[in-house]
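Fold and geometry: a report
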Amino acid sequence: MTENLIQNTVAFVQEQLKGAEAGHDWFHIERVWKLSKKIAVNENCNLDVVELAALLHDIADPKFHAGDETLALKIAGKFLESQNGSPEMIAQVLFIIKNISFKNRDEVPAVLPIELKIVQDADRIDAIGAIGIARTFNFGGFKNNLMYHPEIAPKLNMTKEEYKKSEGTTINHFYEKLLLLKDLMHTETAKALAQERHDFMLKFLSEFEKEWNVS
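Conventions we followed
Residues numbered from 1 in each chain as written. Predicted model: local features only at pLDDT ≥ 70, side-chain atom pairs only at ≥ 80, totals over all residues. Heavy atoms only, no water. Helix = DSSP H or I, 4+ residues; strand = E, 2+ residues; numbered from the N terminus. Rg over C-alpha atoms; globule rule 2.2 N^0.38 Å. Buried < 20%, exposed > 50% of the residue type's maximum accessible area, 1.4 Å probe, protein only. Contact = heavy atoms within 4.5 Å. Areas by Shrake-Rupley, 256 points an atom, 1.4 Å probe, with all protein chains shown as cover. Lys, Arg positive; Asp, Glu negative; His and termini not counted. Charge placed at Lys NZ, Arg CZ, Asp CG, Glu CD. Expected span 1.5 Å × (residues − 1). Arc of directions from axis to C-beta. Phe/Tyr/Trp six-rings, centres within 6.5 Å; stacked < 30°, edge-to-face > 60°. Lys NZ or Arg CZ within 6 Å of the ring centre and 35° of its normal. Salt bridge = Lys/Arg side-chain N within 4 Å of Asp/Glu carboxyl O.

Further remarks concern the overall build of the protein. The helix and strand inventory of the protein stands at 10 helices and zero strands. Starting at the N terminus and ending at the C terminus, the protein contains elements arranged as α-α-α-α-α-α-α-α-α-α. In terms of overall dimensions, the protein is globule-like: its C-alpha atoms have a radius of gyration of 18 Å, near the 17 Å expected for 215 residues. Projecting the C-alpha coordinates of the protein onto the three principal axes gives extents of approximately 65 × 35 × 30 Å. Considering the protein as a whole, with its 215 residues, one finds that 45% of them fall into the buried category. Restricting to contacts in the protein with at least 6 residues of sequence separation, those with at least 24 account for 67%. For the protein, the computed accessible surface area is about 11,600 Å², with 52% contributed by carbon and sulfur atoms. Placing the 25 positive and 32 negative side-chain charges of the protein at their respective mean positions leaves the two points 1 Å apart.

In structure tokens form, the structure reads like this:
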């Protein structure tokens, strides 16, 4: 694959995500792209597929498009075809986009390609730690959710449909998703990065609770 395809994809994604919510904008894509390349160094994988999937994985996040889970596949597929991507490569990238989401984790095949594992790990790492905290509160503000309510408990083990419709508090999202991600990492590189970020979130939540419960 030529470097031109990567650069064309970068330009395409930057244009498509102009004005996007700050937790799911070009800078999120760029971080996931860099993390994917960092993880891929230690794995036997198709780096072309990893990079393209990382760049295109949030080209049309369903939560910003009335829950449509097909739109990203259509946009990414059409773009890659316009770049003369091979049918095999396009199929691999679209498979990753289709199966990367946390909410779809119970629907994916039992055996996953390493390329999906890498990009999924990178995407999940960007959802935790200091960046994850910032993204979570940004999205909560975007949806006008409560930061926290002591009488609203987290909803654990939600179904996919429950998760999609959930309008819980921002703090509950840590318990419903973010604190679960550490144990869902596939690669050793991601596991090490995730542990550090997980520990940081625990410290944040402890401090948040202490400051909330002023006595």
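With that settled, consider helix α6 (residues 114–125). Under the 1.5 Å per step criterion, the end-to-end length of α6 is 16 Å for 12 residues, consistent within 8% with the ideal 16 Å. Within α6, 10 of the 12 residues are buried, which leaves it mostly tucked inside the rest of the structure. Of all the residues in α6, the buried ones are E115, L116, I118, V119, Q120, D121, A122, D123, R124 and I125. Those residues of α6 hidden inside the fold are in contact with α2 (26–40), α3 (47–56), α5 (87–99) and α10 (188–212).

So, on to helix α1 (residues 3–16). For α1, spanning 14 residues, the distance from its first C-alpha to its last is 20 Å, which sits close to the expected 20 Å at 1.5 Å a residue. Buried within α1 we find L5, I6, T9, V10, F12 and V13. End-on, the buried residues of α1 take up no more than an arc of 165 degrees, which puts them together on one face. Of the exposed residues in α1, the ones pointing more than 90 degrees away from its buried face are E3 and N4.

One pass over the structure, following the stated rule, counts 12 aromatic pairs. With a centroid separation of 6.0 Å and an interplanar angle of 85 degrees, the aromatic rings of Y148 and F208 are classed as edge-to-face. Within this pair, whereas Y148 is found in the loop between α7 (129–142) and α8 (160–165), its partner F208 is found in helix α10, the two being separated by 60 residues in sequence. Seen in terms of ring centroids, F204 and F208 are 6.0 Å apart; in terms of plane orientation they differ by 45 degrees. Their pairing is tilted. Here the residue F204 and the residue F208 both occupy positions in helix α10, the gap between them amounting to four residues, near one helical turn. Classification of F204 by relative accessible area gives partly exposed; the value is 24%. Here the aromatic residues F137, Y148, F174, F204, F208 and W212 are joined through ring pairs into a cluster of three or more. Directly above the aromatic system of W33 lies the positively charged group of K37, at a separation of 4.1 Å from the ring centroid. Across the ring face of F139, the terminal group of K63 is positioned such that the distance to the ring centre comes to 5.8 Å.

In this structure the tally under the stated criterion is seven salt bridges. Residue D183 pairs with K182 through a salt bridge whose shortest N-O separation is 2.9 Å. For K191, the salt bridge goes to E188, with nearest N and O atoms at 3.3 Å. Of the two residues, K191 and E188 both sit in helix α10, three residues apart, roughly one turn of that helix. What you see here is one network of salt bridges that share partners, running through R31, D126 and R135.

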